[in-house]
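Per-entry structural report
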Amino acid sequence: MTPRVLTVLGATGTIGMNTLDVVARHPGRFEVFALTGATQVDRMVEQCRAHRPRVVVMSEQAAARAVRERLAAEGLKIEVRAGADALTEVSTAPEVDSVMAAIVGAAGLPATLAAARAGKRILLANKETLVVSGQIFMDAVAASGAELLPIDSEHNAIFQALPRDFRGDFQAAGVNALWLTASGGPFRTLSAEAIAAATPAQAVAHPNWVMGRKISVDSASLMNKGLEVIEARWLFNARPDQIKVVVHPQSIVHSMVEYADGSVIAQMGTPDMRTPIAYAMGFPERIEAGVSALDLMGRELTFEAPDTTRFPCLQLAFDALAAGGNAPAVLNAANEVAVARFLDGAVPFDAIAASIAHALDNLAGGAADTLDDLLESDCRARYVTDEYLARHP
Ligand code: NAD
Ligand code: MG
């Protein structure tokens, strides 16, 4: 078998590390062309020892210098590049056939979109790319013939539960609706007052999944589900009313497809991101992922409606999707800024939803025809949100 040549964008993050864990389980099946990170020097050097990529990119110059020195001292001949343009170079290099897009936030957009334009097999974890530029990204995939495999566990579940030849036509496939499951996050049973007073440590303590800090806060606010609703809209060409959310605290059912004949097909498993990662990496083959088998004996699975009063971010995302245009890009950028400020301890948890609502009120409805328009909205939303949070600490 010729190995698949892989670039891992965001290799030092949670998804990146899980990806390399799957790679290590299949010697000869994958070859690592490039690994990228931002600031985590030790972890990158460790990954270089284990995976011997040809190129490393660190988006921060100082980190790139440090990695370069450390690799040279160990006699590892690996080229180290720095900066955002280098991310795009390694996601479009002719040697590469698969790109794991696992940078967090809109920072991942340029390299992920470039991989789409270059016709790569894209393993998409970076949901923010679809939220900001869904139409442009999906058009690029269609134009280049890129292959798109969802890594987000819900979308991966839906991908598995849809017919293999599904091309976005719900009627032709007899699909009524997509059901995204949500764990409800660490604040599922808390009162609105307790949620408003929650600390960063409480917000990142997710009951079922180990994830990066930003997506953990998104899970606590249900913004993660909101971003996933928008992600599903683009990945599967769904109308907003065809996307449903159900809270399922055990995170065993990863999502479901409801068909016209009353069938509901769910994908289940132990909550471990190596399952969707291995599914996408091996596709269409199923490969070992190191995940413990699901034991359902004596387990209770429960389902409840989401509460958009205590979790307004979910509603804001549905509203932004309905508004269309630049609204999802504004929502995403405002959320990124507010989550970062919350994690810094500068603003309370409920300032996240308030500042997103403020940004949408001020900026939604702006131009959204080109990528530049959307990036301009992203930029303005960051400014407006910073300013709002400085006035409402
Ligand atoms: P993480 O914070 O653990 O890792 C983020 C990675 O991105 C790191 O490698 C970091 O170095 C890199 N990075 C951060 N800022 C960067 C920048 N400005 N430029 C270049 N690189 C940068 O995050 P994660 O949990 O691995 O999530 C990554 C993506 O996958 C997110 O979009 C998230 O929504 C999505 N996702 C994650 C999970 C999960 O279980 N962790 C599940 C579904 C989807
Ligand atoms: Mg998810």
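For the rest of this paragraph, the subject is the sheet that holds strand β8 (residues 175-182). Pairing is mixed in the open sheet, where four strands are placed in the order β9-β8-β10-β11. Looking along the sheet, the strands with just one partner apiece sit at the ends: β9 (243-247) and β11 (264-268). Strand-to-strand, the axes of this sheet are offset by a mean angle of 20 degrees, without reference to chain direction.

Turning next to the environment of L371. Note that L371 resides in helix α17 (residues 371-391). For the pair L371 and S133, spaced 238 residues apart in sequence, the C-alpha separation works out to 7.1 Å.

In this section: the environment of V347. With respect to the element layout, V347 can be found in the loop between α15 (327-343) and α16 (350-363). Residue classification places V347 among the buried residues on the basis of a relative accessible area of 5%. Beyond its immediate sequence surroundings of up to four residues, V347 is in contact with A338, R341, F342, L389 and P393.

This brings us to the domain arrangement of the protein chain. Looking at the protein chain, the domain boundaries give domain 1 (4-150) and domain 2 (152-311). Taking the mean C-alpha position of each, domain 1 and domain 2 sit 25 Å from one another. On the side of domain 2, 29 residues touch domain 1, which itself brings 29 residues to the contact. With both sides pooled, the region where domain 1 packs onto domain 2 buries about 2500 Å², and carbon together with sulfur makes up 67% of that total. For the interface between domain 1 and domain 2, the tally reads six salt bridges.

Attention shifts here to helix α14 (residues 312-323). With 12 residues, α14 should reach 16 Å at 1.5 Å per residue; the first-to-last C-alpha distance of 16 Å fits that figure. For α14, the set of buried residues is C313, L314, L316, A317, A320 and L321. Looking straight down α14, one finds its buried side chains confined to an arc of 160 degrees; they lie on one side. For α14, exposure combined with an orientation more than 90 degrees from the buried face picks out A322 and A323. Where α14 is buried, its residues touch α11 (213-221), α12 (223-235), β9, α15 and α16.

Cut-off values and rules
- Residues numbered from 1 in each chain as written.
- Chains lettered and ligands numbered in written order.
- Predicted model: local features only at pLDDT ≥ 70, side-chain atom pairs only at ≥ 80, totals over all residues.
- Heavy atoms only, no water.
- Pairing = 2+ DSSP bridges.
- Helix = DSSP H or I, 4+ residues; strand = E, 2+ residues; numbered from the N terminus.
- Axes fitted to C-alpha atoms, helices over the stretch in contact; angles between N-to-C directions.
- Buried < 20%, exposed > 50% of the residue type's maximum accessible area, 1.4 Å probe, protein only.
- Contact = heavy atoms within 4.5 Å.
- Domains from an automatic or database assignment.
- Buried area = accessible area lost by both parts, 1.4 Å probe.
- Salt bridge = Lys/Arg side-chain N within 4 Å of Asp/Glu carboxyl O.
- Expected span 1.5 Å × (residues − 1).
- Arc of directions from axis to C-beta.

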